[in-house]
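Architecture at a glance
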Amino acid sequence: MTDRNNTLENDNTEMKVPPLSAKTSYLIFIVTLPVLILLAWTSNFLPRIVEPNTSKPVIEYVVYAVIIGLIISNVLVAIPASSTTYRQFKGTIRTELLLKIGLVIYGAKIGADFAKIDVLAGYFLAAFLQAMLVIITVFMVAYYTAVKIFKLEAKFAAVLATAVSVCGVSAAIAAAGAVLAEKKQLAHTVTLVIAFSLPLMFIFPYVALFLDFPDVVAGAWIGGNIDTTAAVLAAGSIHGETAADLAAIVKITQNVMIGFVAFFLALYFSFYEKKDELRPSPKELWTRFPKFVIGFLLTMVLALPLIGIIPLETANLLGNIAKWFFAMAFVCIGLTTTLSDFTKMGWKPTGAYTVATIYNTILTLITSFVLFGFLFSG
Amino acid sequence: MGLNSEKKTKDMVISGQNEKTPSEGFMRYFQWINEDWLSLFVGLIIVLLALLGLLDWITW
């Protein structure tokens, strides 16, 4: 019943205890679900205490969820009496299932976000062109830098590249599901996204103000560059109202591309799963293809303003429900990850992310000036 | 027989299907399920319930 080894799913390699049967494992998962929901609620509650004056906290709930999970797992491992039980319990954690359910539901929110594009006044085409250019070229640069220079695993590189080129945390989650990345790789990417967003949130608006960039250019630069939506809105607000509006427009235009990026990643990694295999059969391709992506795209299409089968209000509700699943999944990631998992990866992911961010900064600066400051300035 | 069986197991491990076939109890009857399909069905059921207005009480 579990998915592939060495993926987001539970890996039992560290376990020294016999794994539980699938039936027992699922029963334990269902019985412990209320505890997981409580921990997810805590991860939602903590940002409100740490950043009480904003409805969109910069340090997102996923960070608190991972930390809560990490604290619990490290305490349980440290206590000899609970260590064995914890290692057996670890095999019942269903990280991937929770992430994928969340993503199927989250598709509706992405579809509904297309409605926000309708109100883009004259800047839609510029935002769309910038989004396409940034997503494609930044993804390629980030991916090949991570694989060729920093020698990261292809799946990890894909998650990192999607996070930096599309829209941070939610893109990383979608990409990790689509390529079946390891859960520690997703946790590491999310950490990098947040860690980079925090300083950039202040650096970008003040640089733009200091160099006297036009408001629309500053907004497009901020929106195309900073990875978390909350940090984009905060940075735009520091610069001014026009920049904040433009930053949000550019960010949303990039966000709605997640569905297509996830689909192509799923297809690509299904096709090239075995290095020595040139052309898998259609049946094999179908077997490998992550089926949840179909649900993700389906709910996205049903929530599109033109289709409207899932109304905007319901799509927003589904977006909230998806966050519960993501929060539970990230608590699970914390529960099954040790701090040494992070340190073992070393500096390479940070190096790859830094190079991609620098490239992204330069590229979006140029495209912002050309598209927003010149071609579509009127 | 032994070799074929070993080869089959090896192929299943490579294709990631080795753990998708629970061997005991009632789970035997649900061999066709894997977490990929399960996530798809559960996700769509939640969407359906939300469309029916049964999940309006959930907030974030």
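Just so you know, the residues in each chain are numbered from 1, in the order the chain's sequence is written. Note on labels: chains are lettered from A, ligands numbered from 1, in written order. A pLDDT threshold of at least 70 governs which residues receive local features in this predicted model, and a stricter bar of 80 or more applies before side-chain atom pairs are shown or counted, although totals over entire chains, interfaces and linings include all residues. Excluded from the side-chain calculation are hydrogens and water; included are all heavy atoms of the structure.

1. A look at the environment of lysine 90 of chain A
Formally: Secondary structure elements follow DSSP: runs of H or I no shorter than four residues count as helices, runs of E no shorter than two count as strands, and numbering proceeds from the N terminus. Relative accessibility under 20% of the residue-type maximum defines a buried residue, over 50% an exposed one, and the middle range a partly exposed one, all with a 1.4 Å probe and only protein chains included.
With respect to the element layout, lysine 90 of chain A can be found in helix α4 (residues 80–90). Note on lysine 90 of chain A: relative accessible area 6%, which makes it buried.

2. What about the packing of aromatic side chains?
Residues and elements named next belong to chain A. Stated precisely, the cut-off is as follows: Stacked, tilted and edge-to-face are the three classes assigned to paired rings of Phe, Tyr and Trp, where Trp is represented by its six-membered ring and a pair needs centres within 6.5 Å; plane angles under 30 degrees give stacked, over 60 edge-to-face, the rest tilted.
Evaluation of the coordinates by the stated rule reveals 14 aromatic pairs over all chains. Aromatic side chains phenylalanine 139 and tyrosine 143 sit 5.8 Å apart centroid to centroid with 10° between the ring planes, which places their arrangement in the stacked category. Here tyrosine 143 and phenylalanine 139 lie together in helix α6 (residues 124–149), a separation of four residues that amounts to about one turn. The same class applies to phenylalanine 139 and to tyrosine 143, which are both buried. A centroid spacing of 5.8 Å and a plane angle of 65° characterise the contact between phenylalanine 263 and phenylalanine 289, whose relative ring orientation is edge-to-face. Of this pair, phenylalanine 263 sits in helix α13 (residues 258–271) while phenylalanine 289 is found in the loop between α14 (282–288) and α15 (292–302), placing the two residues 26 residues apart along the sequence.

3. Notes on the pattern of salt bridges
Residues and elements named next belong to chain A. So the rule is basically this: Salt bridge, as used here, is a side-chain nitrogen of Lys or Arg placed within 4 Å of a carboxyl oxygen of Asp or Glu.
Applying the stated criterion across every chain yields a total of three salt bridges over all chains. When the shortest N-O distance is used, the salt bridge between lysine 100 and glutamate 96 registers 2.5 Å. With lysine 100 and glutamate 96 both in helix α5 (residues 95–117) and four residues apart, this pair spans about one turn of that helix. As far as the burial class goes, lysine 100 and glutamate 96 line up, both buried. Lysine 109 is paired through a salt bridge with aspartate 113; the nearest N and O atoms lie 3.1 Å apart. You can see lysine 109 and its partner aspartate 113 sitting in helix α5, four residues apart, about one turn around the helix. Exposure class is identical for lysine 109 and aspartate 113. Each is buried.

4. Some points on the side chain of glutamate 96 of chain A
This is how it is decided: Side-chain atoms alone can form a polar contact between residues adjacent in sequence; in general such a contact is a pair of N or O atoms within 3.5 Å, and within protein one must be able to donate a hydrogen while the other accepts it.
On the basis of relative accessible area, glutamate 96 of chain A is assigned to the buried category, the value being 1%. Reaching out from glutamate 96 of chain A, the side chain makes a polar contact with the side chain of lysine 100 of chain A at a distance of 2.5 Å.

5. Quick word on the confidence of the model for chain A
Residues and elements named next belong to chain A. To be explicit about the condition: Confidence scores here are pLDDT values: one per residue, from the predictor, ranging 0 to 100. Residue contacts follow a heavy-atom distance rule, with two residues in contact if any of their heavy atoms lie within 4.5 Å.
For chain A, per-residue confidence averages 84 on the pLDDT scale, and 90% of positions sit at 70 or higher. Across residues 1–6, where pLDDT falls below 50, the model places 34 contacts with residues more than four positions away in sequence or in other chains. Considering only residues more than four positions removed or in separate chains, one finds that residues 9–13, a stretch of pLDDT under 50, has 18 contacts.

6. Quick look at the environment of tryptophan 41 of chain A
All names here are of chain A. On the secondary structure map, tryptophan 41 appears in helix α2 (residues 33–50). You can call tryptophan 41 partly exposed: its relative accessible area is 42%. Separated by 275 residues in the primary sequence, tryptophan 41 and asparagine 316 have C-alpha atoms spaced 18 Å apart.

7. Some remarks on a nonpolar patch on the surface
What counts, and what does not: Patch membership requires over 30% relative accessible area and the absence of a salt bridge. Like charges are linked within 9 Å, and nonpolar side chains (Val, Leu, Ile, Met, Phe, Trp, Tyr) within 5 Å. Surface accessibility follows the Shrake-Rupley procedure with a 1.4 Å probe radius. Residue values consider only the protein chains on display as shielding.
Taken together, the side chains of Val301, Leu306, Ile307 and Ile309 of chain A together with Phe41, Ile45, Leu48, Leu49, Leu51, Leu52 and Leu54 of chain B present a nonpolar region at the surface, about 1100 Å² in accessible area. Among the elements that line the nonpolar patch, the one with the most residues is helix α2 (residues 35–51) of chain B, at five residues. The topology assignment puts leucine 54 of chain B in the segment after α2.

8. Observations regarding the packing of α13 of chain A against α15 of chain A
All names here are of chain A. The criterion, for reference: A fitted line through C-alpha atoms serves as each axis, taken over the contacting stretch for helices, and the angle formed by two N-to-C directions is quoted from 0 to 180°. Small angles under 35 degrees read as roughly parallel and large ones over 145 as roughly antiparallel, with 65 to 115 read as roughly perpendicular and the rest as oblique. Two helices cross in a left-handed way if the nearer one is turned anticlockwise from the farther one by less than a right angle. They cross in a right-handed way if the turn is clockwise. Residues are sorted three ways: Asp, Glu, Lys and Arg are charged, Ala, Val, Leu, Ile, Met, Phe, Trp, Tyr, Cys and Pro are nonpolar, and all the rest, Gly among them, are polar.
With their axes 10 Å apart at the nearest point, α13 and α15 run at an angle of 155° to one another. On the basis of the axis angle, α13 is roughly antiparallel to α15. Of the two possible hands of crossing, α13 and α15 adopt the one that is left-handed. Here α13 contributes Ile258, Gly259, Phe260, Ala262, Phe263 and Ala266 to the contact with α15, which in turn contributes Val293, Phe296, Leu297 and Met300. Here the contact of α13 with α15 is built from residues that sort into nine nonpolar, one polar and no charged.

9. Regarding α4 of chain A
Residues and elements named next belong to chain A. Definition in use: Comment: arc refers to directions from the helix axis out to C-beta atoms.
Of the residues making up α4, those classed as buried are Ser82, Ser83, Tyr86 and Lys90. The arc enclosing the buried residues of α4, seen along the axis, measures out at 115°, which places them on a common side. What points out from α4, more than 90 degrees from its buried face, is the exposed set Ala81 and Thr85. Looking at the buried positions of α4, the neighbouring elements they touch are α3 (61–78) and α16 (312–336).

10. As for the packing of helix α9 (residues 183–210) of chain A against helix α11 (residues 229–239) of chain A
Residue and element names in this part refer to chain A. In the contact formed by α9 and α11, the axes pass within 9 Å of each other and the chain directions differ by 25°. Judged by the angle between their axes, α9 and α11 are roughly parallel. Relative to α11, the crossing made by α9 is right-handed. Residues Ser197, Met201, Phe202, Pro205, Tyr206, Ala208 and Leu209 of α9 form the contact with α11, whose own contacting residues are Ala231, Ala234, Ala235, Ile238 and His239.

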